[in-house]
Amino acid sequence: MGDLNVEQIGYSEKVMEHFTNPRNVGKIENPDGYGKVGNPVCGDLMEMFIKVDDDIITDIKFRTFGCGSAIATSSMVTEMAKGMHVDEAMKITRGDVADELEGLPPRKMHCSNLAANALQEAITDYKKRKAEKE
Ligand code: FES
């Protein structure tokens with residue numbers, strides 16, 4: 001069997017790099033926000049945990065039971081969101097994540113939805129908890 005030619009399949013080097021060496025994998029105990037989303041079509045699941053200080057995301061971790069693109073996109077989204085104001089992070093779209101990764105094959109764009117949506121869910125959860133405290 002020859003070497004797998006990832007470029008032929010359409011994965012950028014950056015996608016492969018995040019897939020083989022994902023950042024911020026794991027779980028945060030007592031997070032300030034938590035999001036969990038699933039894709040009913042492929043059955044993949046993603047969880048996102050955030051720690052927030054004064055509306056700034058100070059720590060973020062994810063766990064995914066998903067494909068390589070889901071792993072790469074969630075790794076990327078955690079890197080993008082760390083240090084961001086929650087309102088800014090809320091605006092990160094799947095297109096932004098894919099751009100940062102130098103593209104995803106069209107068939108895999110839905111995977112980046114999962115990452116962006118899980119982050120949005122976690123931020124929504126954070127805002128809800130904050131409103132309840134006030
Ligand atoms: Fe389901 Fe990628 S195939 S998230």
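Residues numbered from 1 in each chain as written. Predicted model: local features only at pLDDT ≥ 70, side-chain atom pairs only at ≥ 80, totals over all residues. Heavy atoms only, no water.

1. Some words on a negative patch on the surface
Link 1 in the chain: A cluster of acidic residues, Glu13, Asp96, Asp99, Glu100 and Glu102, forms a negative patch at the surface.
Link 2 in the chain: The residue Glu102 is located in the loop between helix H5 (94-100) and helix H6 (109-133) in this model.
Link 3 in the chain: Among the residues examined, Glu102 registers a relative accessible area of 54% and is labelled exposed. (Patch = residues over 30% accessible without salt bridge, like charges linked within 9 Å, V, L, I, M, F, W, Y side chains within 5 Å. Areas by Shrake-Rupley, 256 points an atom, 1.4 Å probe, with all protein chains shown as cover. Salt bridge = Lys/Arg side-chain N within 4 Å of Asp/Glu carboxyl O. Lys, Arg positive; Asp, Glu negative; His and termini not counted. Charge placed at Lys NZ, Arg CZ, Asp CG, Glu CD. Helix = DSSP H or I, 4+ residues; strand = E, 2+ residues; numbered from the N terminus. Buried < 20%, exposed > 50% of the residue type's maximum accessible area, 1.4 Å probe, protein only.)

2. What about the environment of Pro22?
Link 1 in the chain: Position of Pro22 relative to the elements: it lies in the loop between helix H2 (13-20) and strand E1 (33-38).
Link 2 in the chain: Using a relative accessible area of 30% as the deciding quantity, one classes Pro22 as partly exposed.
Link 3 in the chain: Remark: the alpha-carbon pair of Pro22 and Thr73, spanning 51 residues in sequence, is separated by 9.2 Å.
Link 4 in the chain: Sequence-distant contacts of Pro22, that is, excluding residues within four places in its chain, are made with Phe62, Ile71 and Ser75. (Contact = heavy atoms within 4.5 Å.)

3. Let's talk about the pattern of salt bridges
Link 1 in the chain: Under the criterion given, the structure shown has 8 salt bridges.
Link 2 in the chain: With its nearest N and O atoms 3.2 Å apart, the salt bridge here joins Asp55 to Lys130. Remark: Lys130 occurs in helix H6 and Asp55 occurs in the loop between strand E2 (45-53) and strand E3 (56-65); sequence separation between them is 75 residues.
Link 3 in the chain: Look at Asp55 and you get buried, because its relative accessible area is 17%.
Link 4 in the chain: Overlapping salt bridges bring together Glu17, Arg23 and Glu79 as one network.

4. Some words on unusual backbone geometry
Note: most peptide bonds trans; most residues except glycine with negative phi.
Link 1 in the chain: The phi dihedral of Asn24 falls on the positive side, at around 60°, and the residue is not glycine.
Link 2 in the chain: Position of Asn24 among the secondary structure elements: in the loop between H2 and E1.
Link 3 in the chain: The residue Asn30 is not glycine, and still its phi comes out positive at about 50°.
Link 4 in the chain: Residue placement: Asn30 occurs in the loop between H2 and E1.
Link 5 in the chain: Given the relative accessible area of 64%, Asn30 is considered exposed.

5. Some thoughts on the sheet that holds E1
Link 1 in the chain: Taken in spatial order, the 3 strands of this open sheet run E1-E2-E3, and their pairing is antiparallel. Both edges of this open sheet fall to E1 and E3, since each of them pairs with a single strand only. The sheet shows a mean angle of 15° between the axes of neighbouring strands, direction not considered.
Link 2 in the chain: Pairing between E1 and E2: 6 bridges, direction antiparallel. Paired with Tyr34 across the strands is Phe49, a residue of E2.
Link 3 in the chain: Lying over the sheet, helix H3 (residues 68-81) contacts E2 and E3, oriented at roughly 175° with respect to E3. (Pairing = 2+ DSSP bridges. Axes fitted to C-alpha atoms, helices over the stretch in contact; angles between N-to-C directions.)

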